[in-house]
Amino acid sequence: NSEYYNKTYSKTHYNKLDYTFTVKPVKDLNIDIRGNKIQTRNLQQQLDVIDDGSEFGAIDSSISAFETGNFSSSHSMISTAFTDGDVLFQQMRDYRVGISSRIAAQNGIDITDPNNIDTDGTIKGFGVNSQDVLLPAFMAAYSGKNPDKVNTGLFRNIPLPNWTLRYGGLMNFKLFKKNFSNFVISHGYRSSYTVSSFTNNLQYNQDNPFATTNVNSGNYESKLLVSAVTLVDEFSPLVKVDMKMKNSFSLRGEVKRDRTLTMNFNNSTLTDIKGTEYIFGLGYIIKDVKFNTRFTGKKQTIKGDINLRADVSLRDNLTQIRSVEEDNNQISGGQNLFSIKFTADYRLSSNLTASFYYNHQTSKYAISTTFPRQAINGGFNLIYNLGAN
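As the structure is a prediction and not an experimental result, all values here were calculated from the model.

Trainee: Would you take a moment to explain the overall build of the protein for this structure?
Mentor: Scanning the protein from terminus to terminus reveals three helices and 14 strands. Compactness check: the protein gives a C-alpha radius of gyration of 30 Å against a globular reference of 21 Å for 389 residues, more than 25% above the reference. With respect to the principal axes defined by its C-alpha atoms, the protein has extents near 95 × 55 × 50 Å. Looking at the protein as a whole, 34% of its 389 residues are labelled buried. For the protein, long-range pairs separated by at least 24 residues make up 65% of all intrachain contacts whose partners lie at least 6 apart in sequence. In the protein, which carries 42 positive and 36 negative side-chain charges, the distance between the mean positions of the two groups comes to 21 Å.

Quick look at the structure:
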C-alpha cells in the first residue's frame, strides 16, 4: 500500500493462422493453395495503488491502456490486376462519398439531414480524408469489391487463398514426347494486405464516439490509428515455360508482374509501384569434352560435359505518388533494367569444377535526376568439393 508504488503492466498477444493444401483436378496438374494471417497486440498500462491499498489500477481514469500491434493477411486483387491504375485511383476517390454515408448510417447518423451533409457530398465527421472512409474506399477499388458491401473494419477475419500451379501433361502427346525430355508450364499468384503498425487512439471516447472531432481534419476520432496500409500482389510467374529438348538444348521463358500499393493516412497519398519482368533463358550441354592436363606430372585426359547457360531479362518498374485530395500525380522513381547473364561450367572430376561467368546490367531511370548506369563483371571460378566421393 505504498504511495510510491508504480509499475507497468504489459500483455502481448500473438495470433497466427496458416493453411496449405494441394488440389489435383486432372492428371499432371498440381495446384498448391496457401493462406495465412498474423496479428500481434501489445498492451501496456501504468498501475498504482489506489484508495487504501486494496486494489490496483490507474489513478487517473482518463489515462487508458496503450495498445500497439500489426496485422497481415493473404489477400486477393486478381480482379483488378490488369486494370489501369488511373482508373482504379479515380474509383477510390469516387467511392468515398458512398462509403461516408454508409458508415454514418451504421452509426445512427441521419444522412438525409442537410445539416449533416458537407459540400463535397460526404457526411460531416466522415470526410473524404477520414481514415474510416479512405481505408474501405482503398480496399474496394483495388480489390475489386462492391463499395456497398466491402468490410469497413481494419482487420480481415478470413485469409484469402493464393496459389501455385504446375502442369506437365503436354508430355503425354506424341509431338512433345518426340522432341522434349521435359516440358512444364507453371503459374503463381500471391497477394497480401498489411497493417504495419496500429495504435489505440487516446482521444477516442468509447462512451461517446462522436463527442470530439479532430482539430485539423474535422473528422470524428478513429478508434485505432494507422499510419499506412499496404496491398501487394505478384504474378510470380504470370506464366513460365520450362523445357528440355532431347538434343541437349533447354529453353525457359517467364513473365512476372507485381504491384505494391501503400495508402498513407497521415498525408492522404497513395504510393503506387508497378513492375513487369520478361526473362528468356537458353541452355546447352556439350557432352564428353576431352581436356589434356599434366596436373600430377604426367599427361592425363579429362572428359566431362560443358554446361552452357544464358539468361536475358528486361524489367520495367515505375513508382508514382498520387495525392488523394488534389489532382497531383508525381513519378518519384522507377527504371528499365536490362540484364544478360552467361555461365559455362566444366566438371573436371567428381571433386573439381571450373566455371566462367559474365554479367552485364544496364539501367535507365524514370526520373531525369539519376544518370543511366552500366555494371559489367566476369571471371573464372574453380570449385573443389572436399566431401565428394
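Once you've had a look at it, read on.
Trainee: Explanation requested: the packing of aromatic side chains in the structure shown.
Mentor: In this description, an aromatic ring pair is defined by two values, namely the gap between the centres and the angle between the planes. Evaluated as defined, the whole model comprises 17 aromatic pairs. Here phenylalanine 356 and phenylalanine 380 contribute two aromatic rings whose centre-to-centre distance is 5.2 Å and whose plane-to-plane angle is 50°, an arrangement assigned as tilted. You can see phenylalanine 356 sitting in strand 13 (residues 352-365) and its partner phenylalanine 380 sitting in strand 14 (residues 373-384), a full 24 residues away along the chain. Look at phenylalanine 356 and you get partly exposed, because its relative accessible area is 30%.

Trainee: Would you mind going over a positive patch on the surface with me for this structure?
Mentor: Taken together, the side chains of Lys24, Lys27, Lys174 and Lys177 define a basic patch exposed on the protein surface. Within the secondary structure, lysine 27 sits in the loop between strand 1 (7-23) and strand 2 (29-50). For lysine 27, a relative accessible area of 65% translates into the label exposed.

Trainee: Explain the packing of helix 1 (residues 85-106) against helix 2 (residues 131-143) to me, please; I cannot follow it from the model alone.
Mentor: Each pair of packed helices gets described by two things: the angle between the helix axes and the distance between those axes. Orientation of helix 1 relative to helix 2, taken along the N-to-C sense of each, is 135°, at an axis distance of 7 Å. Classified by the angle their axes make, helix 1 and helix 2 are oblique. Relative to helix 2, the crossing made by helix 1 is right-handed. Two secondary-structure elements touch here, helix 1 through Gly85, Leu88, Phe89, Gln91, Met92, Tyr95, Arg96, Ile99, Ser100 and Ile103 and helix 2 through Asp132, Val133, Leu134, Pro136, Ala137, Phe138, Ala140, Ala141 and Tyr142. Of the residues belonging to the contact of helix 1 with helix 2, the class tally is 14 nonpolar, three polar and two charged.

Trainee: Looking at this structure, I do not really get the pattern of salt bridges. What am I missing?
Mentor: Side-chain pairing between opposite charges can occur once the charged atoms of the two side chains come close. All chains considered together, the criterion is met by 13 salt bridges. Aspartate 86 serves as the salt-bridge partner of arginine 322, at 2.8 Å between the closest nitrogen and oxygen. One end of the pair, arginine 322, is in strand 11 (residues 300-323); the other, aspartate 86, is in helix 1, and 236 residues separate them in sequence. Aspartate 258 is paired through a salt bridge with arginine 315; the nearest N and O atoms lie 3.1 Å apart. Highlighted residues: aspartate 258 in strand 9 (residues 249-264) and arginine 315 in strand 11, separated in sequence by 57 residues. Judged by its relative accessible area of 22%, arginine 315 is partly exposed. The network of salt bridges with common partners includes Arg252, Glu254, Lys256 and Asp311.

Basis of the calculations
- Here, residues in each chain are numbered from 1, in the same order as that chain's written sequence.
- Two thresholds apply to this predicted model, a pLDDT of at least 70 for residue-level local features and 80 or more for giving and counting side-chain atom pairs, whereas whole-chain, interface and lining totals are computed over all residues.
- The basis for every side-chain value is the complete set of heavy atoms in the structure, and neither hydrogens nor water enter the calculation.
- Put simply, DSSP H or I for four residues or longer makes a helix, DSSP E for two residues or longer makes a strand, and each gets a number counted from the N terminus.
- Two things to know: the radius of gyration comes from C-alpha atoms, and the globule rule equals 2.2 Å times the number of residues to the power 0.38.
- Think of it in three bands: with a 1.4 Å probe and only protein chains considered, a residue is buried below 20% of the maximum accessible area for its type, exposed above 50%, and partly exposed in between.
- Residue contacts are counted whenever heavy atoms from the two residues lie within 4.5 Å of one another.
- Charge counting follows a simple rule: Lys and Arg are positive, Asp and Glu are negative, and His as well as the terminal groups are ignored.
- Charged side chains are reduced to one point each, which is NZ for Lys, CZ for Arg, CG for Asp and CD for Glu.
- Pairs were defined over the aromatic rings of Phe, Tyr and Trp, the Trp ring being its six-membered one, requiring ring centres within 6.5 Å. Orientation was assigned from the angle between planes: stacked under 30 degrees, edge-to-face over 60, tilted for the rest.
- To count toward a patch, a residue needs a relative accessible area over 30% and no salt bridge; like charges are then connected within 9 Å, while nonpolar side chains (Val, Leu, Ile, Met, Phe, Trp, Tyr) are connected within 5 Å.
- All accessibility values rest on the Shrake-Rupley procedure with a 1.4 Å probe; residue burial counts only the protein chains present in the view.
- Salt bridges are counted wherever a side-chain nitrogen of Lys or Arg sits within 4 Å of a carboxyl oxygen of Asp or Glu.
- Structural elements are reduced to axes, namely lines fitted to C-alpha atoms, with helices fitted over the stretch in contact, and the angle between N-to-C directions of any two is expressed from 0 to 180 degrees.
- Just so you know how the angles are binned, under 35 degrees is roughly parallel, over 145 roughly antiparallel, 65 to 115 roughly perpendicular, and the rest oblique.
- For a crossing to be left-handed, the near helix must be turned anticlockwise from the far one by less than a right angle; the clockwise case is right-handed.
- Residues are grouped as follows: Ala, Val, Leu, Ile, Met, Phe, Trp, Tyr, Cys and Pro are nonpolar; Asp, Glu, Lys and Arg are charged; all remaining types, including Gly, are polar.

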